[in-house]
Amino acid sequence: MAPSKVLAGARVVLPTGIVHDGRVIIDGARISGGEAPADAPVTDLSGHWLVPGFVDIHNHGGGGASFTSGTVEDVLRGIHTHRLHGTTTVVASTVTGDMHGLAERAGMLSELAEQGDLAGIHFEGPFISPCRKGAHSEELLRDPDPAEVRKLVDAARGRASMVTLAPELPGGLDSVRLLAEHGVIAAIGHTDATYEQTQAAIDAGATVATHLFNAMPALGHRAPGPIAALLEDERITVELINDGTHLHPASLELAFHHAGPGRVAFITDAMDAAGFGDGRYMLGPLEVEVADGVARLVEGGSIAGSTLTLDRAFQRAVTVDRLPVEDIVAAISANPARLLGVYDRVGSLEPGKDADLVVLDAGFALKGVMRKGAWVVDPQLG
């Protein structure tokens, strides 16, 4: 077991508020509620912030590696890339593909989830609307037949965390009910649903809005569409991509105002280029051009995921959006951890939980990352 260590002097963000000149004791892989041994090393974090490790429920890859098509080594490289940016818990998201290929991919990703590298699998497609397909191959889209949805869930061997679907399609509501019955998050996204159809999906058991505002009809004053239904319903957590490209700051503010900080989850929707650089990439079967950090399909120009990392989303939320730090921590750690059912282990800095944490400087730039008590990024070496 790793020796105890003490992190002292930082502003520590706890569920109960901010503790100035705080002191967090790490005992092995967990946060301790007791006293540190007299000889425990102390890391002085004066002038810094200490926040829980970030939890990303929607992420397609990074570091030049794809969760959808890469090898095991590729997937591990993508996971490590995001850990370097503070994401200590990550769900691997796939994109639309043929059913056989997705089932095979689910089998491989489930092994990584079983060994603790991933928190689960998110299937984004193929059960989405061709009208709102975004960066998904239209030829491979299909209606959400509950039997086929069940095949993907079964292929994930108990590690399916979420399925994004368009509930207005044939079989949509039955598929939502199926997912809810099997303890899998049903997420509404890439959808052309009306306000009323969205309400019906929520009543059937949907609990997440996949990247709210993106890949769905805009808010209308006569036909409010899915956005109004998703924002107003207390049962829904809304995903937001806070990269300055996917959302105008006013849209982010609107979501926080109506949903409240308890119903927002910051995500990256990252693709291979996150933490890697501009260039040409493949997102499933589609070619993507990344220029100045913005990913777009080569054919058609649709936004194709992001190159976002959650440390940048956090810093932007403070410096551009002027959100309270406690609200950002809820959106980037606690809320997604609760959605995944892992809040008993991660998502806050409380005794008994995994020692997953992020050190930020006074300007909210990342300086340190710890996962299960071991430094991934050592603030003393930065």
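Procedures and definitions
Residues numbered from 1 in each chain as written. Predicted model: local features only at pLDDT ≥ 70, side-chain atom pairs only at ≥ 80, totals over all residues. Heavy atoms only, no water. Pairing = 2+ DSSP bridges. Helix = DSSP H or I, 4+ residues; strand = E, 2+ residues; numbered from the N terminus. Axes fitted to C-alpha atoms, helices over the stretch in contact; angles between N-to-C directions. Salt bridge = Lys/Arg side-chain N within 4 Å of Asp/Glu carboxyl O. Buried < 20%, exposed > 50% of the residue type's maximum accessible area, 1.4 Å probe, protein only.

Caption draft 1: Examining the sheet that holds strand E20 (residues 294-297) more closely. Taken together, the three strands give an open sheet; going across it, the order is E18-E19-E20, and neighbouring strands pair in antiparallel fashion. One side of each edge strand has no neighbouring strand; the edge strands of this open sheet are strand E18 (279-283) and E20. Across this sheet, the average inter-strand angle for adjacent strands is 35°, counted without regard to direction. Bridge count for E18 against strand E19 (residues 286-291) is five bridges, and the pairing is antiparallel. In the strand pairing of E19, Arg-280 is matched with Glu-289.

Caption draft 2: Molecular detail of the sheet that holds strand E4 (residues 23-27). Pairing is mixed in the open sheet, where four strands are placed in the order E5-E4-E1-E6. Of all strands in the sheet, those with a lone pairing partner are strand E5 (30-31) and strand E6 (42-44), marking the two edges. For E4 and E5, the ladder comprises two bridges, and the chain directions are antiparallel. Residue pairing in the sheet places Ile-26 in a bridge with Ile-31 of E5.

Caption draft 3: View of the pattern of salt bridges. According to the stated counting rule, one finds 16 salt bridges in the structure shown. Across the salt bridge formed by Arg-30 and Asp-354, the nearest N and O atoms sit 3.1 Å from each other. You can see Arg-30 sitting in strand E5 and its partner Asp-354 sitting in the loop between helix H9 (325-340) and strand E21 (357-360), a full 324 residues away along the chain. Residue Glu-234 pairs with Arg-263 through a salt bridge whose shortest N-O separation is 3.7 Å. Residue Glu-234 is located in the loop between helix H6 (225-232) and strand E16 (237-241), and its partner Arg-263 is located in the loop between helix H7 (249-259) and strand E17 (264-267); the two are separated by 29 residues in the primary sequence. Exposure remark for Glu-234: the relative accessible area of 63% places this residue in the exposed category. The exposure class of Arg-263 is buried, given its relative accessible area of 5%.

Scope: geometric values only; no functional claims are made or implied.
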